[in-house]
Amino acid sequence: MGSDSEADKTQQKEKERKKMLAIAPIAKPLAGKKLSKKTLKLVRKAAEHKCLKRGVKEVVKSIRRGHKGLCVIAGNISPIDVITHVPILCEEADIPYVYVPSKEDLATAGATKRPTCCVLVLTKPTKGELGPEEQEKIKADYSLIVADVSGLTSSLF
């Protein structure tokens, strides 16, 4: 019984190692394990409340229209040219952005089956209104993660 759990652990470690090897060299600031988990949790909540834009095309369109939020970009995109313009747009619009290791995990958190390059977590839903409690929960989580990302970015540059 102990050998099964050890085999599972080694398989999981091997998966994590492969994910880290597939990350592009421009993926900075890259979220650590803890921040990545928190960020994906926020993406999941945002997807439930329809406060999420998925994919490069939607994200770029939203940024150009002036929507504010947190941009989460997958670090293992190939070819990397697909998303190289997104961080520049985010910096020009003063939108915080962070890279997470896996596009598959980002898609799962964003409630899609297809791997996603990037998502934009909006502060308020595009259509309709949220209840005040739900709005406060999302705002609180959003603020915490943005503070962590800002700290990560400031230590980088």
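Just so it is clear, the structure is predicted and the values come from calculations on it, not from any experiment. (Residues numbered from 1 in each chain as written. Predicted model: local features only at pLDDT ≥ 70, side-chain atom pairs only at ≥ 80, totals over all residues. Heavy atoms only, no water.)

Enquirer: So what exactly am I meant to see when it comes to the nonpolar core here?
Expert: Side chains of nonpolar character tend, in soluble globular proteins, to be buried together. Counting residues in hydrophobic clusters, the biggest one holds 44 residues, and the most contacted among them are Val43, Ile63, Leu70, Cys71, Ile73, Val86 and Leu106. Among the secondary structure elements, those contributing two or more residues to this core are α2 (33-48), α3 (56-64), β2 (69-74), α4 (86-92), β3 (97-100), α5 (103-109), β4 (118-122) and α6 (132-156). In this view, Val86 contacts Val56, Val59, Val60, Cys71 and Ile73; residues no more than four positions away in its chain are not counted. (Core = buried A, V, L, I, M, F, W, Y, C linked by side-chain atoms within 4.5 Å. Buried < 20%, exposed > 50% of the residue type's maximum accessible area, 1.4 Å probe, protein only. Helix = DSSP H or I, 4+ residues; strand = E, 2+ residues; numbered from the N terminus. Contact = heavy atoms within 4.5 Å.)

Enquirer: Help me understand the environment of Lys124, please; the structure alone is not making it clear to me.
Expert: Structurally, the position occupied by Lys124 is in the loop between β4 and α6. Sequence separation between Lys124 and Leu89 is 35 residues; the distance between their C-alpha atoms is 20 Å. Discounting chain neighbours no more than four positions away, the residues touching Lys124 are Cys51 and Gln135.

Enquirer: When you look at the UniProt feature "domain: Ribosomal protein eL8/eL30/eS12/Gadd45" (unreviewed entry) in the protein in this model, what are you seeing that I'm missing?
Expert: According to UniProt, the "domain: Ribosomal protein eL8/eL30/eS12/Gadd45" (unreviewed entry) feature falls on residues 38-123. Between the C-alpha atoms that bound residues 38-123 the distance is 16 Å, and the span itself is 40% helix and 21% strand. (UniProt positions renumbered as here; feature names shortened; annotations may be inferred.)

Enquirer: Whenever I open this one, the pairing of β3 confuses me. Can you help?
Expert: Look at any regular strand and the pattern is simple: side chains alternate between the two faces of the sheet. The alternating pattern of β3 places Tyr97 and Tyr99 on one face and Val98 and Val100 on the opposite face, and all of these are buried. Sheet topology places β2 next to β3; 4 bridges connect them, and they run parallel. Bridged to Ile73 within β3 is Tyr99. You can see the chain leave β2, run along α4 and come back into β3, and the turn it takes is right-handed. (Pairing = 2+ DSSP bridges. Right-handed = clockwise from strand over helix to strand, strands pointing away.)

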